[in-house]
Amino acid sequence: MSDPDRREQLEQLERRIEALKEKDAPAPHMDNHYSQAQQAWRMVIELVAGLGIGFGMGYGLDYLFGTLPIFLILFTLLGLAAGIKTMMRSAQEIQQAQEAETPKTNAARKGDE
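Residues numbered from 1 in each chain as written. Predicted model: local features only at pLDDT ≥ 70, side-chain atom pairs only at ≥ 80, totals over all residues. Heavy atoms only, no water.

## Quick look at the packing of aromatic side chains
Line of reasoning, step 1. Taken as a whole, this structure holds three aromatic pairs when the rule is applied.
Line of reasoning, step 2. For the ring pair F55 and Y59, a centre distance of 6.5 Å and an interplane angle of 10 degrees mean the geometry is stacked. With a gap of four residues between them, F55 and Y59 both fall in helix 2 (residues 29–65), about one helical turn apart.
Line of reasoning, step 3. Residue F55 is classed as partly exposed on the basis of its relative accessible area of 44%. (Phe/Tyr/Trp six-rings, centres within 6.5 Å; stacked < 30°, edge-to-face > 60°. Helix = DSSP H or I, 4+ residues; strand = E, 2+ residues; numbered from the N terminus. Buried < 20%, exposed > 50% of the residue type's maximum accessible area, 1.4 Å probe, protein only.)

Pasting the structure below:
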């Protein structure tokens, strides 16, 4: 074998070793944990914000028109529905991001075998 062939083989071997080292490296659990906690808090805040905005609008309309708390109840329920809809949309975005990441992970695992 000539010297360039041997050098190329050594470079390929080094790349394979590095790939195996990266595969066996421990995953950063804390980053994933905080990321999921942030996403959960985002959904909670979206729900509470919808309730708060609905409550404020209903109270304001009741105060303005001098009515019974009909607008307060109505807009609080509408705010709850809007908050749940927004929260569900966020959950769907998170799910789509995870599904887009899953094929990459599966392809990487198949390539290592």
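## Description of a negative patch on the surface
Line of reasoning, step 1. A surface patch of negative charge is lined by D5, E8, E11, E14, E18 and E22.
Line of reasoning, step 2. With respect to the secondary-structure elements, E18 resides in helix 1 (residues 3–24).
Line of reasoning, step 3. Given the relative accessible area of 43%, E18 is considered partly exposed. (Patch = residues over 30% accessible without salt bridge, like charges linked within 9 Å, V, L, I, M, F, W, Y side chains within 5 Å. Areas by Shrake-Rupley, 256 points an atom, 1.4 Å probe, with all protein chains shown as cover. Salt bridge = Lys/Arg side-chain N within 4 Å of Asp/Glu carboxyl O. Lys, Arg positive; Asp, Glu negative; His and termini not counted. Charge placed at Lys NZ, Arg CZ, Asp CG, Glu CD.)

## Overview of the pattern of salt bridges
Line of reasoning, step 1. For the coordinates displayed, the defined rule picks out two salt bridges.
Line of reasoning, step 2. E46 is paired through a salt bridge with R42; the nearest N and O atoms lie 3.2 Å apart. Taken together, the positions of E46 and R42, both in helix 2 and four residues apart, correspond to about one turn of that helix.
Line of reasoning, step 3. Exposure remark for R42: the relative accessible area of 37% places this residue in the partly exposed category.
Line of reasoning, step 4. We note a salt bridge from R42 to E93, for which the minimum N-O separation is 3.4 Å. Here the residue R42 occupies a position in helix 2, and E93 occupies one in helix 3 (residues 70–112), the gap between them amounting to 51 residues.
Line of reasoning, step 5. Owing to a relative accessible area of 40%, E93 belongs among the partly exposed residues under this scheme.

In short, geometric facts, not functional conclusions.
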